[in-house]
Amino acid sequence: SNALYFLANVPMACSAVHKERRFAGDQVHVLYLTQCVSCYQFLFGFVLAPLQAVPGVSTAAGQSPAAIAAAFRGGYECFRARAADCPPREGTTWLLLGYCAVNFVLNTTGLVLTKHGSAALNAISYALILPLTTVSYSLPFLGAHREELRAPTLVGLLVVLAGFLLYERDEILGARALPSQSPAPQPRSAV
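It should be emphasised that the depicted structure is a prediction, and the values quoted were computed from it without experimental measurement.

Caption draft 1: Structural view of the pattern of salt bridges. Under the defined criterion, the tally for this structure stands at two salt bridges. Arg80 is paired through a salt bridge with Glu77; the nearest N and O atoms lie 3.2 Å apart. Judged by relative accessible area, Arg80 falls into the partly exposed class, the value being 32%. Taking relative accessible area as the criterion, Glu77 reaches 26% and is therefore assigned partly exposed. Between Arg150 and Glu148 there is a salt bridge, with the nearest N and O atoms lying 3.9 Å from each other. In this pair, the class of Arg150 matches that of Glu148, namely exposed.

Below, the structure written as structure tokens:
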């Protein structure tokens, strides 16, 4: 599973580089692209749903088509706050809508970073999300939901921040280190 998760970075990196190249040549609005990607992902999710029947994908034995359909119905009923295990007081409808709104803003911001920055800058910003989120979940105001902050999380955050600073340092120093535009001196001829 770790190797598969690692390999998932390959199509994501290819997608980001492709978007950066297309943004350089075409005038595509980020909101239009975000909406198109969202529609394709939504439809693609339904197309891939039958894969849950394959043993080892969702459970060791796989799920029956009836169980997959029941999961969709249960999710819809939970969204409507009508399922027994999703009582209205839990606010599942608003939690899902809030998650969708945050995810939309995150994806649109990533496209803006790619369009006006680079695919590398977008990748670095995404790398910052996990350790910063983990640090946020360790804040005292979360009370009973607070998680323990561990040393590997802080080390990961420092590594990502160091990479970000090195990237920015290279961009800043690279711009200053460009040769001047003055013409090169011509050698004198010996006459």
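Caption draft 2: Representation of the layout of surface pockets within the structure. Taken as a whole, the largest pocket spans an internal volume of roughly 1100 Å³. What lines the largest pocket is a set of 29 residues, among which Asn9, Met12, Asn122, Ala123 and Tyr126 lie closest to the centre. For the lining of the largest pocket, the residue count by class is 18 nonpolar, 10 polar and one charged. One number sums up the size of the second largest pocket: a volume of about 460 Å³. Along the walls of the second largest pocket sit 13 residues, with Phe42, Leu96, Tyr99, Cys100 and Asn103 positioned nearest its centre. At the level of secondary structure, the elements contributing two or more residues to the lining of the second largest pocket comprise helix 3 (30-48), helix 4 (65-79) and helix 5 (92-116). With six residues, helix 5 is the single largest residue contributor to the lining of the second largest pocket.

Parameters and conventions
Residues numbered from 1 in each chain as written. Predicted model: local features only at pLDDT ≥ 70, side-chain atom pairs only at ≥ 80, totals over all residues. Heavy atoms only, no water. Salt bridge = Lys/Arg side-chain N within 4 Å of Asp/Glu carboxyl O. Buried < 20%, exposed > 50% of the residue type's maximum accessible area, 1.4 Å probe, protein only. 1 Å grid on protein atoms, 1.4 Å probe; cavity = no way out; pocket = protein on both sides within 12 Å on 5 of 7 lines; lining within 4 Å. Points joined across faces, edges and corners; volume = space filled by probe spheres on them. Nonpolar A, V, L, I, M, F, W, Y, C, P; charged D, E, K, R; others polar. Helix = DSSP H or I, 4+ residues; strand = E, 2+ residues; numbered from the N terminus.

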